[in-house]
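Summary of structural features
Below, each chain spelled out in residue letters.
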Number of protein chains: 4
Amino acid sequence: MIKAGVIGATGYAGQQLVYLLKYHKEVEIIFLSSNSYSGKKYSDVYTNYYGIIDNVLVSTEEALEKYDEIDVLFLALPHGKSIELVKKAVDKGVKVIDLGADYRLDSKEEFEKWYQIEHPYESLLKESEYALVELKDKESIKNSKVIANPGCYPTATLLGIAPLLKKKFIDTKNIIVDAKSGISGAGRGIDIYKLYCEATENVKAYKVASHRHTAEIEQEMSKLANKDIKITFTPTLIPMSRGILSTIYANLKINKTKQELLEIYKEFYKENKFVRIREIDVQTKDVKRTNYCDITINIDNRTNRVIITSVIDNIVKGAAGQAIQNMNVLFDLEENMGIENISIYI
Amino acid sequence: MIKAGVIGATGYAGQQLVYLLKYHKEVEIIFLSSNSYSGKKYSDVYTNYYGIIDNVLVSTEEALEKYDEIDVLFLALPHGKSIELVKKAVDKGVKVIDLGADYRLDSKEEFEKWYQIEHPYESLLKESEYALVELKDKESIKNSKVIANPGCYPTATLLGIAPLLKKKFIDTKNIIVDAKSGISGAGRGIDIYKLYCEATENVKAYKVASHRHTAEIEQEMSKLANKDIKITFTPTLIPMSRGILSTIYANLKINKTKQELLEIYKEFYKENKFVRIREIDVQTKDVKRTNYCDITINIDNRTNRVIITSVIDNIVKGAAGQAIQNMNVLFDLEENMGIENISIYI
Amino acid sequence: MIKAGVIGATGYAGQQLVYLLKYHKEVEIIFLSSNSYSGKKYSDVYTNYYGIIDNVLVSTEEALEKYDEIDVLFLALPHGKSIELVKKAVDKGVKVIDLGADYRLDSKEEFEKWYQIEHPYESLLKESEYALVELKDKESIKNSKVIANPGCYPTATLLGIAPLLKKKFIDTKNIIVDAKSGISGAGRGIDIYKLYCEATENVKAYKVASHRHTAEIEQEMSKLANKDIKITFTPTLIPMSRGILSTIYANLKINKTKQELLEIYKEFYKENKFVRIREIDVQTKDVKRTNYCDITINIDNRTNRVIITSVIDNIVKGAAGQAIQNMNVLFDLEENMGIENISIYI
Amino acid sequence: MIKAGVIGATGYAGQQLVYLLKYHKEVEIIFLSSNSYSGKKYSDVYTNYYGIIDNVLVSTEEALEKYDEIDVLFLALPHGKSIELVKKAVDKGVKVIDLGADYRLDSKEEFEKWYQIEHPYESLLKESEYALVELKDKESIKNSKVIANPGCYPTATLLGIAPLLKKKFIDTKNIIVDAKSGISGAGRGIDIYKLYCEATENVKAYKVASHRHTAEIEQEMSKLANKDIKITFTPTLIPMSRGILSTIYANLKINKTKQELLEIYKEFYKENKFVRIREIDVQTKDVKRTNYCDITINIDNRTNRVIITSVIDNIVKGAAGQAIQNMNVLFDLEENMGIENISIYI
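Predicted model, so just to flag it, every value in this text is computed and none were measured.

The rules behind these values
Residues numbered from 1 in each chain as written. Chains lettered and ligands numbered in written order. Predicted model: local features only at pLDDT ≥ 70, side-chain atom pairs only at ≥ 80, totals over all residues. Heavy atoms only, no water. Helix = DSSP H or I, 4+ residues; strand = E, 2+ residues; numbered from the N terminus. Rg over C-alpha atoms; globule rule 2.2 N^0.38 Å. Buried < 20%, exposed > 50% of the residue type's maximum accessible area, 1.4 Å probe, protein only. Contact = heavy atoms within 4.5 Å. Areas by Shrake-Rupley, 256 points an atom, 1.4 Å probe, with all protein chains shown as cover. Least-squares fit on C-alpha atoms with pLDDT ≥ 70 in both. Buried area = accessible area lost by both parts, 1.4 Å probe. Salt bridge = Lys/Arg side-chain N within 4 Å of Asp/Glu carboxyl O. Polar contact = N/O pair within 3.5 Å; in protein donor to acceptor, adjacent residues only side chain to side chain. Phe/Tyr/Trp six-rings, centres within 6.5 Å; stacked < 30°, edge-to-face > 60°. Lys NZ or Arg CZ within 6 Å of the ring centre and 35° of its normal. Pairing = 2+ DSSP bridges. Axes fitted to C-alpha atoms, helices over the stretch in contact; angles between N-to-C directions. Patch = residues over 30% accessible without salt bridge, like charges linked within 9 Å, V, L, I, M, F, W, Y side chains within 5 Å. UniProt positions renumbered as here; feature names shortened; annotations may be inferred. Expected span 1.5 Å × (residues − 1). Bend = angle between axes of the 7 residues up to and from the residue. Domains from an automatic or database assignment.

**With respect to the overall build of chain A**
Helix and strand content of chain A: 12 helices and 13 strands. Relative to a compact globule of 346 residues, whose C-alpha radius of gyration would be 20 Å, chain A shows 20 Å and is just as compact. Across its three principal axes, chain A shows a C-alpha extent of roughly 60 × 45 × 40 Å. When each of the 346 residues of chain A is scored for burial, the buried share is 67%. Of the contacts formed within chain A by residues at least 6 apart in sequence, a portion of 70% connects residues at least 24 apart. Total accessible area on chain A is roughly 11,300 Å²; 45% of this is exposed by carbon and sulfur atoms.

Dropping the structure here:
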């Protein structure tokens, strides 16, 4: 049994992670930590888990003292909050899977520019693995000390565009990403705009051309294309709980039909059960509460532009599910163990 | 008093129109027509209007017989259904405001290509006025026999991009429009994907690179820029009743700050009360159930791209409200009479 | 012109009130007050009002200094917060319409028992008018110094049951009220249970047998029946923004058909435009954003029980609309001025 | 492995059942049948199951031919549609679990009165088992040929009130049930009132005092109390996909505190993992997509009335989950196999 600890267990990503760990047959939960709720039962915070997950939440300090008892530490914290906690775990030889942003960028400068926080552990930042399993070498994930779990927008977007970049089918100067996310992406913190009466029946683009996920999308796109890429990225908040739809626009440099591109995508992802290439319009409902990423492609022949639409559940494939997937790779388990299919249509 | 008839009174645009006409102080409703519900009281179809709008709905045939009694005919029908009804009204000297698509395109060939229906009245098609008040000559609207009320996506998009096209600030080869619409845009017809349990908690792009509104957007953009423009247009269905957010991407040819562009927009629309240039992120909630179009601008300095976001209520400014606005212009009333501000925050 | 001030202008009831006052042709707004947002423009708090209501919000202290300039003061505050502010206005000879609970109960003891706050103005409490226009003497409203605007649940419930109580058709020992409310009823304060992701797709009964509105429902029912009545009242929170459905159960003492009872109700409310007796199932959609109360009646012949269903918009008829209605009565205007019909189906 | 067939596999209850059977480790699906979609792949109807459940749907006729190959037949059809199909299965010695209403009532007369359909198989109707596991003898379920799976409203209601009836704590003359259901309870058939724009932001009581579930609630309550019981039952439609909250009112004949009653309930259900007695307000969110029934109790001391609130997921515990539970009992498996806990908070 893998012994796991979770810090940040009461956010939306955290609770999804706890749920998945609870039902993972190779995992034993050693501690669940939450500063806001330490001392409370988990089922007092998430009342649905009454009689199911009644663990008492511990503080970060108490969690730190239990680092010796665990094989893997999951962190699901706002940016900046994991920097030290990860370092301490690595120093103790504990494997880390960080759902937050603190170890995703390779460059200290980029991190500090986008996040406006100093990062004292430059070498650890470099060493950490941006672990989007479908696009990375699994051996490298297995050997890493710190797994930086990709962000939700980047996951949908990178899986959507990777084959085109790898095969150099598109002009890399005009890539536009227009992504739509449900409200859980903004977390469980209480802000007025997230109130039901404010958020329902409303849609808005926010942080236009300035969202922090731009940095990791560009970093990974650049690696895929083997050249420096800058994109325009617009996130949009839509009135639903879960799900991301990323619509990606690029100018085609080649001449292929939709059908040909779909075949190329199927071939590209043939080893990856969680990526499904669809002929129909993809929709978030089809992947809700699962670890799937559904992708389809359309070509605008009139402008020779390709439009890729890619959908994930932001909390599963975009956070906790992907973290489990990474844990499975790390510990050499079946990649889909515990995340095979976890929910239904409505 | 202006005597008005409405054909297609029981769709979502139709019912909004009927509501606005009912409370317009210069209008008398002569007939409300609906083939699906003819013979029924209006308040049996929309039960909220009980004791308020109890008119009995007439069939199209009965409506035709009443053409002599009206000054203006509104049509709110699916495409293809208005072609003949408009012609008959024009022949009787009745002014027409068509909320549908049948007289929006200037070219018979373009109409037939996009709609796959023959259009027998080529000269009337040419004569009809694509009446987006803020971008057109009001005299020309006043003198037209057939007012083609712009589509919902085109209204938000054209108002958003017009100043940039007029001033030739952008490269016209790389315009991308990613628009999001509430479900009422798909009408009141019953389809399984519109059921509450199917539509809630879901988002999808549809008719990617093939939506019919592309034709009118391109037609009007081309006029604004005085050159032939092709765009890529992606509509996206989001889980709410009303509202459109159009996000428009273009490459800047000039060097201006956000603030400078906002000033240029304010100047451009200074005579138009219904267009509000905002410094904050625009959101559909701010225009819901009103005739406003809120617009803001962002610049991605890293890519020298401009991102315009423009929001309207698809049923008001994108349909019935705009139709009233056109009627007001046509009959030389205050432009905002009856549509000044018709609703509230939540 | 009636000169009006509003304290508590930025809650949900407050903003609805401000909207209605803004468009009321006999009212001039002198000040809008909000402690949370004083110094800010109204349109910075409710961004939809940009260019429409740009008044700068004043603090309570500043509001107090302007009491001399107004004819009527509206308060829309949480319970306990209006007690002193009302007294001061009365002392200055300003008419008061209080949307809160502080002057609704006749008895100091009852108030203190239910609200756990001391009420120092017993005589003013007694004098104040519980002003549910349809059930009260208008002369008495006109002459009152303090109009206590009824609560949302009580409004729907009392209008629903009044004829049965007046006519002594029911056993007063077994009245059960099961009411359902949208989330705006809980106000704009930020609590975790009101977050979109928490509140959507959820329903719960709360404050079962202990909700404070029980006190005013019983007080007014007792007056109607001319005997002491105790009820069981259960409020239920449902995932929508606006609307209340009150389902009222009572044992019939007489033998009447549904049709006979509907006729009796129609007769009872024949002078009241805002109460509509319906033959169909009533639904909140039919009254949303209006000042109507729709009521229907069913009889369970198998148990000889009557089931009344009554719907209102909790923020309009249940708060701000009713406050305007009371103002209209107070100043001898048309009762429905400015609240005639303020919105549409979807 | 248990060989199972499903008729009515494409309704909302059907798809939930198919999902649960797919992941049940002791079940092999032999056929999925749907008249509306026969010939199509299951994943073409529910596109989320692409690559997961790609079985081709068969017609009812084809299903009938496969009766020999199965151990158990599930039916999830509208009322009246299962009568013959069940009989044919019984004649072939196939065990039947019917999620519909056709075999729930014991009395042919009652069935024909409430459903207005003739029932030709009176003895089979009598023999069939109304299988609410928590309230029935498991041996009796094991030995029955036809398991009538209880309706959604009755499940929540009967579990909520059973202990009080068994212990004779309440007056059986004044039981009122006010139940609230999400829209999936009305099925996947397309009706205008179920459209997103119609159903969202709306609540209404329907079939007041005439809903067919009244018959089975009364039948089973009468058995529990060992006397004839008539209730008043009001279903209410609320704007969400899933979930039922049943609020039950009764006059107490005894003197107990809330705490004492909670203890009695805990004792009553101590062998039943799926019933959770809660001290907090129950909410549908806590049981969504699970087989749990959460119950709490409040006492209105002022009127000596008890108010029980009971929540289930209408499609799981109220339909497909309970059907699996019954299958597990029937085939002597762990009662919670495959339905232990199937989903998460948001």
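**Here we look at the relation of the copies chain B and chain A**
Expressed as a screw operation, the relation of chain B to chain A combines 0.0 Å of axial shift with a rotation of 180°, fitting to an RMSD of 0.0 Å. This pairing of chains is accounted for by a two-fold axis. Across chain B, the rotation axis passes nearest the C-alpha of P239(B), at a separation of 3.2 Å. Interface residue correspondence from chain B to chain A reaches 100%, placing this contact among same-surface, isologous pairings.

**A look at the interface of chain B and chain A**
It is common to give the size of an interface as the accessible area that goes away when the parts come together. Each partner contributes to the interface: chain B provides 52 residues, whereas chain A provides 52 residues. Carbon and sulfur atoms supply 50% of the area buried between chain B and chain A, which totals about 4,200 Å² over both sides. On the chain B side of the contact with chain A, E201(B), V203(B) and R302(B) bury the most area, a combined 16% of that side's loss. Counting across the chain B and chain A interface gives six salt bridges. A salt bridge links K180(B) to D178(A), with the nearest nitrogen and oxygen atoms 3.0 Å apart. The interface formed by chain B and chain A includes 40 residue pairs in polar contact (both at pLDDT 80 or more).

**With respect to the environment of Y103(A)**
All names here are of chain A. Tracing the backbone through its elements, the reader meets Y103 in the loop between β4 (95-98) and α5 (108-115). For the pair Y103 and P150, spaced 47 residues apart in the sequence, the C-alpha separation amounts to 9.7 Å. When residues no more than four places from it in sequence are discounted, the contact partners of Y103 are S82, I83, V86, K87, D98, H119, Y121, L124, L125, S128, V146 and A148. Side-chain polar atoms of Y103 contact the backbone oxygen of I83, separated by 2.8 Å.

**Side note on the packing of aromatic side chains**
Taken as a whole and assessed by the stated rule, the structure comprises 38 aromatic pairs over all chains. Ring geometry for F268(A) and Y269(A): centres 4.8 Å apart, planes at 80°, overall edge-to-face. Look at F268(A) and you get partly exposed, because its relative accessible area is 25%. An aromatic cluster is present here, built from Y19(A), Y23(A), Y42(A), Y46(A) and Y49(A) joined pairwise through their rings. Sitting over the face of the ring of Y292(B), R276(B) holds its NZ or CZ atom 4.1 Å from the ring centroid.

**Some thoughts on the pairing of strand β12 (residues 293-300) of chain B**
All names here are of chain B. Most of β12 is tucked away: eight of the eight residues are buried. Where burial is concerned, the two faces of β12 agree: the one with C293, I295, I297 and I299 and the one with D294, T296, N298 and D300 are both buried. Pairing between strand β11 (residues 275-277) and β12: three bridges, direction parallel. The residue bridging R276 from the neighbouring strand is D294, located in β12. In the sheet, β12 pairs with strand β13 (residues 305-312) via eight bridges, with the strands oriented antiparallel.

**Comments concerning the sheet that holds strand β7 (residues 176-181) of chain A**
Think of a sheet as strands paired side by side through backbone hydrogen bonds, with each pair either parallel or antiparallel. Residues and elements named next belong to chain A. Read from one edge of the open sheet, seven strands run β8-β9-β7-β10-β13-β12-β11, paired in mixed fashion. Edge positions in the sheet fall to β8 (204-205) and β11 (275-277), since each of these pairs with one other strand and no more. As paired strands, strand β10 (residues 244-251) and strand β13 (residues 305-312) are joined by eight bridges and run antiparallel to one another. Residue I248 lies in a different strand from β13, and its bridge partner there is I308. Packed onto the sheet, helix α8 (residues 152-166) meets β7, β9 (232-237), β10, β11, β12 (293-300) and β13 and runs at close to 140° relative to β13.

**Here's the deal with the relation of the copies chain D and chain C**
Here chain D sits on chain C after a turn of 180° about the axis and a move of 0.0 Å along it, with an RMSD of 0.0 Å. When the interface residues of chain D are mapped onto chain C, 100% of them again fall at the interface, so both copies present the same face.

**Topic: the side chain of S34(C)**
By secondary structure assignment, the location of S34(C) is in the loop between β2 (27-33) and α2 (42-45). Leave out the neighbours within four places in its chain, and S34(C) touches T10(C), L57(C), V58(C) and S59(C).

**Describing a nonpolar patch on the surface**
A cluster of nonpolar residues, I190(A), I190(C), I192(C) and Y193(C), forms a patch on the protein surface that exposes about 300 Å² of accessible area. Mapped onto the elements of the fold, I190(A) is located in the loop between β7 and α9 (196-199). Using a relative accessible area of 38% as the deciding quantity, one classes I190(A) as partly exposed.

**Some points on helix α1 (residues 12-22) of chain A**
Extensive coverage of α1(A) is indicated by the burial of nine of its 11 residues. Those residues of α1(A) lying buried are Y12(A), G14(A), Q15(A), Q16(A), L17(A), V18(A), Y19(A), L20(A) and L21(A). Looking at the buried positions of α1(A), the neighbouring elements they touch are β1 (2-7), β2 (27-33), α2 (42-45), β3 (72-75) and α12 (316-330) of chain A together with α9 (196-199) of chain C.

**Examining the interface of chain D and chain C**
Each partner contributes to the interface: chain D provides 52 residues, whereas chain C provides 52 residues. Summed over both partners, the interface of chain D with chain C comes to about 4,200 Å²; 51% of that surface belongs to carbon and sulfur atoms. Looking at the side of chain D that touches chain C, the elements that each hand over two or more residues are β7 (176-181), α9 (196-199), β8 (204-205), α10 (213-225), β9 (232-237), β10 (244-251), β12 (293-300) and β13 (305-312) of chain D.

**Focus: the sheet that holds strand β7 (residues 176-181) of chain C**
All names here are of chain C. One open sheet holds the seven strands; their spatial order is β8-β9-β7-β10-β13-β12-β11, and the pairing between them is mixed. Where the open sheet ends on each side, the last strands, each with one partner, are β8 (204-205) and β11 (275-277). Looking at chain direction, strand β12 (residues 293-300) and strand β13 (residues 305-312) are connected through seven bridges and run antiparallel. When the sheet's bridge partners are listed, I299 is paired in β13 with V306.

**Comments concerning the UniProt feature "domain: Semialdehyde dehydrogenase NAD-binding" (unreviewed entry) in chain A**
Under the UniProt annotation, the feature "domain: Semialdehyde dehydrogenase NAD-binding" (unreviewed entry) is placed at residues 3-143 of chain A. For residues 3-143 of chain A, helix accounts for 35% and strand for 16%, while the C-alpha atoms at its two ends are 18 Å apart.

**Some details on the side chain of D286(B)**
With respect to the helices and strands, D286(B) occurs in the loop between β11 and β12. In terms of polar contacts, D286(B) uses its side chain to reach the side chain of T47(C), at 2.8 Å. At a separation of 3.1 Å, a polar atom in the side chain of D286(B) contacts the main-chain amide nitrogen of N48(C). Those residues in contact with D286(B), other than ones at most four positions away along the chain, are R276(B), R278(B), I280(B), D294(B), Y345(B), T47(C) and N48(C).

**Things to note about α8(A)**
Residue and element names in this part refer to chain A. End to end, α8 covers 21 Å across 15 residues, agreeing with the expected 21 Å (1.5 Å per residue, within 8%). Taking the largest bend as the criterion, α8 deviates by roughly 35°, centred on G160, and proline P163 comes between one and four positions later. With 14 of its 15 residues buried, α8 lies for the most part within the structure. K168 lies just past α8 and shows a positive phi near 55°.

**Some thoughts on the UniProt feature "active site" (unreviewed entry) in chain A**
Residue and element names in this part refer to chain A. Feature annotation in UniProt places "active site" (unreviewed entry) on C152, given in this structure's numbering. Here C152 is to be found in helix α8. We classify C152 as buried; its relative accessible area is 13%. In this structure, C152 is in contact with H213, I244, I312, N314 and G318, ignoring residues within four places of it in sequence.

**Observations concerning the domain arrangement of chain A**
All names here are of chain A. Domain annotation for chain A reports domain 1 (2-127) and domain 2 (152-313). A separation of 27 Å is found between the C-alpha centroids of domain 1 and domain 2. In this assembly, domain 1 packs against domain 2 so that about 1,200 Å² is buried in total across both faces, 48% of it on carbon and sulfur atoms. By the criterion of area lost to domain 2, the three top residues of domain 1 are Y12, R104 and W114, representing 48% of everything that side buries. Between the two partners, domain 1 and domain 2, sit two salt bridges. Put simply, D106 and K223 hold a salt bridge, and the shortest N to O gap is 3.1 Å. Summed over the shared surface of domain 1 and domain 2, the number is seven residue pairs in polar contact (both at pLDDT 80 or more).

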